[in-house]
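Take a look at the letters that make up each chain.
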Amino acid sequence: MKPVRILVVGAGHVGLYAALRLSSKLRSTEAEVTVVDPQPHMTYQPFLPEAAAGNISPRHTVVPLRRELRDCHIVHGAVTKVEHFRKVATVQPVVGPSREIPYDHIIVAPGSVSRTLPIPGLREHAVGFKTIGEAIWLRNHVLECLDIAAATTDPQTRQRALTFVVVGAGFAGVEALGEMEDMARDALRYYPELKADDMHWVLVEATQRVLPEVGPQMGAYTVEALLKRNMDLRLGTRLESCVDGVVKLSDGGEFAADTIVWTAGVKAHPMIAATDLPRNAQGKLTCDPTLRVVDGGQVVEGAWSSGDCAAVPDLTAAAGEMCSPSAQHAVRQARLLADNLIATVRGKGIREYRHKHVGSVASLGLHKGVAHVYGFKAKGWVAWFMHRTYHMSRIPSLNRKVRVIADWTLALFLKREVVSLGALHQPMDPFAQVTQPTQQP
């Protein structure tokens, strides 16, 4: 009997954890697991703010797929189409022609992308905060802005360079704001030309809530903590334009900024639209509590999904509610999905996903944080320690856990690195400047 062919689309939280479990529990004679992802690594997104702030080495926030998934076949490319009626996925490798990969079971888990709006200037002047590349770029850019401000004699250039705008007051936005401001303030010790009051950190949020996941009380504390750091909080305010880097807000505010970070929500990966699988109005795959894809209540045999791109009923909440797009759900769903798929391969019964949200933790910078876990509320150093402890326990592989702890331990004795390596983003420019152009014969 031939092994069952299992195709995993995406190697984020769901894809990596599911593939790890499948490859460790299924014998090679039972199944062949293939993982397809455009990146050769999984990014542990909760550590992006610390990577951007220099608390963790960027390489330690990613998990190499070929190292962790040694019993899986890794394909470095993007899935461009899924024809489930044929049980075939079309994959575009990084280089070369596209290819078709047949399967018996498919786990569709490409995750999510930034949810943007048609705001003038947003595409040209803003940066997201979902990838390690964006985090590295933001770190170098903020430090470069300090260099620009320290070198110029023009007040307008200095003010523009020292204005930093973050749009979105969820986890990504608040943690990015807190960590980056913390890093920049720490770096100012090496800039005698600049003072902390010269910096203008702005948080723009369309609603009246900051960190709604930690509850109103901890959200209010977060607002107070950020205001004490002289941050400019614009709640109930929308970004209307940022053409040429000039930020225009719905409350009438207008100012120039060289740094605009967009963290205002996520949406299902657009790859989902390139499948013939059923989707809801939000573009997510419709699933039942066993994490199988369903179409009008009927199970689509051989199709599975979970995480940010899937609409999974939350059995611990009111009828009709779906699980939130969080790592807390994604990791647990991935494990159950793998167990259910294994049970299906072996002809056994499967279980429903049921997990009550235990709470949330968030960092506001070094030694600063908020937490609301199992009804326990914490702030300051205690919450910050809870945040680090929780995410250290969740990042995959012992290798990465040890490296992250080593980074944190070294930071206790060594000062933070605050040098910009902006040349990394244009590595060929110096060579091109000294190379004479030639004419083609």
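Computed from a prediction, not measured in an experiment: that's the story for all the values here. (Residues numbered from 1 in each chain as written. Predicted model: local features only at pLDDT ≥ 70, side-chain atom pairs only at ≥ 80, totals over all residues. Heavy atoms only, no water.)

Undergrad: I'm lost on the UniProt feature "domain: FAD/NAD(P)-binding" (unreviewed entry) in the protein in this one. Help?
TA: This chain's UniProt record puts "domain: FAD/NAD(P)-binding" (unreviewed entry) on residues 5–321. Strand forms 30% of residues 5–321 and helix 27%; the C-alpha atoms that close the span are 33 Å apart. (UniProt positions renumbered as here; feature names shortened; annotations may be inferred. Helix = DSSP H or I, 4+ residues; strand = E, 2+ residues; numbered from the N terminus.)

Undergrad: So what exactly am I meant to see when it comes to the nonpolar core here?
TA: Considering soluble globular proteins, one finds that nonpolar side chains tend to be buried as a cluster. Residues Ile6, Leu22, Val35 and Ile107 are the most contacted members of the largest nonpolar core, which totals 64 residues. Top contributing element to this core by residue count: helix H9 (residues 327–345), with eight residues. When sequence neighbours within four positions are dropped, the list of residues in contact with Leu22 reads Ile6, Val33, Ile107, Ala338, Leu341 and Ile342. If you look at the next biggest cluster of nonpolar residues, it comprises 48 residues, including Ala51, Ala135, Leu177 and Met183. (Core = buried A, V, L, I, M, F, W, Y, C linked by side-chain atoms within 4.5 Å. Buried < 20%, exposed > 50% of the residue type's maximum accessible area, 1.4 Å probe, protein only. Contact = heavy atoms within 4.5 Å.)

Undergrad: Help me understand the environment of Thr29 in this model?
TA: By secondary structure assignment, the location of Thr29 is in the loop between helix H1 (13–25) and strand S2 (31–37). By relative accessible area, Thr29 is classed as exposed at 55%. Sequence spacing of Thr29 and Val4 is 25 residues, and the spatial spacing of their C-alpha atoms is 8.5 Å. In contact with Thr29, other than residues within four places in its own chain, are Met1 and Pro3.

Undergrad: Just checking my understanding: could you explain the packing of aromatic side chains for this structure?
TA: The relation between two aromatic rings is expressed through the spacing of the ring centres and the mutual angle of the planes. For the structure on display, the rule yields five aromatic pairs. For the pair Phe47 and Trp408, a centre-to-centre distance of 5.8 Å together with 85° between the ring planes defines the contact as edge-to-face. With Phe47 in the loop between strand S3 (41–43) and helix H2 (48–53) and Trp408 in helix H11 (residues 398–413), the pair connects residues that are 361 residues apart, well separated along the chain. A residue is classified by how much of its surface remains accessible, and Phe47, at 0% relative accessible area, is buried. (Phe/Tyr/Trp six-rings, centres within 6.5 Å; stacked < 30°, edge-to-face > 60°.)

Undergrad: I would appreciate a short explanation of the packing of H1 against H9 in the present structure.
TA: The description of two packed helices rests on the angle between their axes and on the distance between the axes. Running from amino to carboxyl end, H1 crosses H9 at an angle of 30°, the nearest separation of the two axes being 8 Å. Here the hand of the crossing between H1 and H9 comes out right-handed. Contact residues: H1 offers His13, Val14, Tyr17, Ala18, Arg21, Leu22 and Lys25, while H9 offers Ala327, Ala330, Val331, Ala334, Arg335, Ala338, Asp339, Leu341 and Ile342. Taken together, the residues that form the contact of H1 with H9 break down as eleven nonpolar, one polar and four charged. (Axes fitted to C-alpha atoms, helices over the stretch in contact; angles between N-to-C directions. Left-handed = near helix turned anticlockwise from the far one by under 90°. Nonpolar A, V, L, I, M, F, W, Y, C, P; charged D, E, K, R; others polar.)

Undergrad: Before we go on, may I ask you to explain a nonpolar patch on the surface in this structure?
TA: Residues Phe376, Trp381, Val382 and Phe385 make up a contiguous nonpolar surface patch of roughly 430 Å² in combined accessible area. Tallying contributions element by element places helix H10 (residues 381–394) first for the nonpolar patch, with three residues. Examined against the element boundaries, Trp381 turns out to sit in helix H10. (Patch = residues over 30% accessible without salt bridge, like charges linked within 9 Å, V, L, I, M, F, W, Y side chains within 5 Å. Areas by Shrake-Rupley, 256 points an atom, 1.4 Å probe, with all protein chains shown as cover. Salt bridge = Lys/Arg side-chain N within 4 Å of Asp/Glu carboxyl O.)

Undergrad: So what exactly am I meant to see when it comes to the pattern of salt bridges here?
TA: Pairing is possible between side chains that carry opposite charge, provided their charged atoms lie close to one another. A complete count under the given rule lists 21 salt bridges for this structure. Taking the shortest distance from any N to any O, the salt bridge between Glu30 and Arg27 comes out at 3.5 Å. With a relative accessible area of 52%, Arg27 lands in the exposed category. With its nearest N and O atoms 2.9 Å apart, the salt bridge here joins Arg234 to Asp232. In this structure, Arg234 and Asp232 share a single accessibility class: buried.

Undergrad: How should the pairing of S2 be read in this particular structure?
TA: Two faces, one strand: in a regular strand the side chains alternate between the faces of the sheet. Taking burial as the measure, the seven residues of S2 include six buried ones, the bulk of the element. In the sheet, strand S1 (residues 4–9) pairs with S2 via six bridges, with the strands oriented parallel. The partner of Val9 across the bridge, within S2, is Val36. With H1 bridging S1 and its parallel neighbour S2, the resulting β-α-β unit is right-handed. Where S2 lies against strand S5 (residues 73–83), four bridges are found, and the strand directions are parallel. Of the residues in S5, the one forming a bridge with Thr34 is His73. (Pairing = 2+ DSSP bridges. Right-handed = clockwise from strand over helix to strand, strands pointing away.)

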